[in-house]
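These are the residues of each chain, in order.
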2 protein chains.
Amino acid sequence: MPQPHLEFWFEFASTYSYVAASRVPRLAGAAGVPVVYRPFLLGPVFGAQGLTDSPFNVYPVKGAYMWRDMERLCADEGLAMRRPSVFPRNGLLGARAAIAVGREPWLPDFVLGVYTANFAEDLEISKPEIVARVLRGLGQDPEPVLARTQDQDVKDTLRANTDEAMAKGIFGAPTFTVGTEVFWGNDRLDHALAWAAR
Amino acid sequence: MPQPHLEFWFEFASTYSYVAASRVPRLAGAAGVPVVYRPFLLGPVFGAQGLTDSPFNVYPVKGAYMWRDMERLCADEGLAMRRPSVFPRNGLLGARAAIAVGREPWLPDFVLGVYTANFAEDLEISKPEIVARVLRGLGQDPEPVLARTQDQDVKDTLRANTDEAMAKGIFGAPTFTVGTEVFWGNDRLDHALAWAAR
């Protein structure tokens with residue numbers, strides 16, 4: 001029987017995924033649950049629900065709550081947070097870069113680095129120079145990763161991830177899956193890990 | 001300085017409020033945090049957001065997730081759950097009854113009883129005989145409570161609760177507030193209690 005694992009579905013535009021990207025390595029490590037990172041795009045997912053913008057922009061009262069909630073959660077988590085001047089930012093390049101990085105052991109640090117650029121440093125993560133900055137910050141050469149983001153197989157993998165997310169019934173980010181079980185939201189991480197570990 | 005307390009904002013149509021109504025008395029009791037029950041109506045709140053139905057019906061993929069999530073949460077909580085044949089049910093009478101019950105020590109049991117009728121017994125909680133049944137189950141005479149639901153001051157209190165919910169930035173249920181801090185969702189109860197207790 002294959003070892004149960006957690007799949008972490010994230011999109012770089014998603015605020016709560018920033019908090020999750022900080023918590024996943026630590027909590028999954030403590031629970032002894034392997035994690036597979038699954039970048040995907042929320043645009044097509046929201047589009048299939050008839051939304052043309054983030055629900056936090058479509059429903060401003062929900063958006064106002066979310067920004068305050070993020071402040072509290074990031075404070076609890078010891079994470080820097082500054083409300084970005086642009087929201088949502090386009091996460092396409094970051095998602096392709098995460099796929100290009102693949103299963104390198106520093107993938108979780110790269111993912112958290114891109115989120116930090118967006119939600120703590122207010123940097124335009126859709127620009128190659130910002131993604132390159134994150135990579136250099138981890139002691140990595142940015143060029144091979146950025147070159148790979150333009151390869152067709154990387155683009156196809158991101159599209160396949162997004163299609164698979166919709167097929168699984170994923171409608172937001174972050175989402176955690178364990179087999180066919182879906183757990184939506186940063187606050188479901190513990191529940192998902194318990195499901196994987198049982 | 002007044003003792004910090006938790007306000008529990010709920011609507012009888014709301015699925016996750018059922019789970020919260022089960023957890024609030026136990027967890028708030030353990031934390032030593034007093035609770036004030038604040039019934040309100042989601043209809044005007046959703047209406048102000050441009051929604052004419054439950055978001056779980058407006059966004060079916062979210063609804064499908066919610067029902068599975070409710071199954072898991074209720075199993076964890078040891079709560080019976082049967083997907084009701086009508087959703088959402090009109091919570092107006094139940095909300096007025098909760099206000100009529102006021103600060104009686106059995107209010108939390110009454111609230112949980114109405115939720116149980118809706119989400120475990122598939123009973124039509126908008127009917128006076130179902131609310132009466134819950135009251136009798138608690139050893140209470142239903143007549144005075146049902147009579148009070150028609151009093152203008154009870155109706156006005158419910159309307160005022162709903163207005164206050166919107167003024168506080170509440171957009172869904174359950175919501176917990178501690179002073180001006182808003183915590184949305186059953187999974188924020190621990191966070192709200194920690195805020196009240198700090």
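One can find the structure itself at the top, above this paragraph.
No experiment lies behind these values; they were computed from the predicted model shown.

Parameters at a glance
Residues numbered from 1 in each chain as written. Chains lettered and ligands numbered in written order. Predicted model: local features only at pLDDT ≥ 70, side-chain atom pairs only at ≥ 80, totals over all residues. Heavy atoms only, no water. Contact = heavy atoms within 4.5 Å. Buried area = accessible area lost by both parts, 1.4 Å probe. Salt bridge = Lys/Arg side-chain N within 4 Å of Asp/Glu carboxyl O. Polar contact = N/O pair within 3.5 Å; in protein donor to acceptor, adjacent residues only side chain to side chain. Helix = DSSP H or I, 4+ residues; strand = E, 2+ residues; numbered from the N terminus. Pairing = 2+ DSSP bridges. Axes fitted to C-alpha atoms, helices over the stretch in contact; angles between N-to-C directions. Least-squares fit on C-alpha atoms with pLDDT ≥ 70 in both. Buried < 20%, exposed > 50% of the residue type's maximum accessible area, 1.4 Å probe, protein only. Phe/Tyr/Trp six-rings, centres within 6.5 Å; stacked < 30°, edge-to-face > 60°.

In this section: the interface of chain A and chain B. The interface is formed by 22 residues belonging to chain A together with 22 residues belonging to chain B. Around 2300 Å² of area is buried between chain A and chain B when both sides are counted, 54% of it from carbon and sulfur atoms. Between the two partners, chain A and chain B, sit eight salt bridges. Close ionic contact of Arg-188 of chain A with Asp-187 of chain B constitutes a salt bridge, the shortest N to O distance being 2.1 Å. The interface formed by chain A and chain B includes 15 residue pairs in polar contact (both at pLDDT 80 or more). The set of elements that each furnish at least two residues to the side of chain A that touches chain B consists of helix 4 (60–77), strand 4 (181–184) and helix 10 (189–197) of chain A.

Turning to unusual backbone geometry, a few remarks are in order. With an omega of -5 degrees, the peptide bond running from Phe-87 of chain B to Pro-88 of chain B counts as cis. Note on placement: Pro-88 of chain B falls in the loop between helix 4 (60–77) and helix 5 (92–101). Cis geometry is found at the peptide bond from Ala-173 of chain B to Pro-174 of chain B, where omega equals 0 degrees. Mapped onto the fold, Pro-174 of chain B is located in the loop between helix 9 (152–167) and strand 3 (175–178). Of note, Asp-122 of chain A is a non-glycine position whose phi angle comes to about 55 degrees, a positive value. With respect to the helices, strands and loops of the structure, Asp-122 of chain A is situated in the loop between helix 6 (107–119) and helix 7 (128–137).

With that settled, consider the sheet that holds strand 4 (residues 181–184) of chain B. Through backbone hydrogen bonds, the strands of a sheet pair up, either in parallel or in antiparallel fashion. Residues and elements named next belong to chain B. With mixed pairing, four strands are arranged side by side in an open sheet as 2-1-3-4. Looking along the sheet, the strands with just one partner apiece sit at the ends: strand 2 (35–39) and strand 4. Recorded for the sheet is a direction-independent mean angle of 25 degrees between the axes of neighbouring strands.

A few words now on the relation of the copies chain A and chain B. Mapping chain A onto chain B calls for a screw motion: a turn of 180 degrees about the axis and a shift of 0.0 Å along it, with 0.0 Å RMSD after fitting. Read as a symmetry element, the transformation amounts to a two-fold axis. Among all C-alpha atoms of chain A, that of Asp-187 of chain A lies closest to the rotation axis, at 3.4 Å. The residues that chain A uses at the interface reappear at the interface of chain B in 100% of cases, marking a shared surface.

Quick look at the pairing of strand 3 of chain B now. Residue and element names in this part refer to chain B. Burial of the side chains of strand 3 extends over both faces: Thr-175 and Thr-177 are buried on one face and Phe-176 and Val-178 on the other. One ladder, built from three bridges, connects strand 1 (residues 6–10) with strand 3; its direction is antiparallel. Paired with Glu-7 across the strands is Thr-177, a residue of strand 3. With four bridges connecting them, strand 3 and strand 4 associate as antiparallel partners. In the strand pairing of strand 4, Thr-175 is matched with Trp-184. Remark: two residues form the turn of the hairpin made by strand 3 and strand 4, two consecutive strands paired antiparallel; Gly-179 in that turn has positive phi of roughly 60 degrees.

Let us now look at the pairing of strand 1 of chain B. With five of five residues buried, strand 1 of chain B is to be regarded as a mostly interior element. Residues of strand 1 of chain B alternate between two faces, with Leu-6, Phe-8 and Phe-10 of chain B on one and Glu-7 and Trp-9 of chain B on the opposite face, all of them buried.

All told, the structure shown has 34 aromatic pairs over all chains when counted by the stated rule. Relative to Phe-56 of chain B, the ring of Tyr-16 of chain B lies with its centre 6.3 Å away and its plane at 55 degrees, an arrangement referred to as tilted. With Tyr-16 of chain B in helix 1 (residues 15–31) and Phe-56 of chain B in helix 3 (residues 55–58), this residue pair connects regions lying 40 residues apart in the sequence. Given a relative accessible area of 14%, Tyr-16 of chain B falls into the buried group. Among the aromatic residues, those joined into a cluster by ring pairs are Phe-8, Phe-10, Phe-12, Tyr-18, Tyr-37, Tyr-115, Phe-119 and Phe-176 of chain A.

By themselves these figures say nothing about function.
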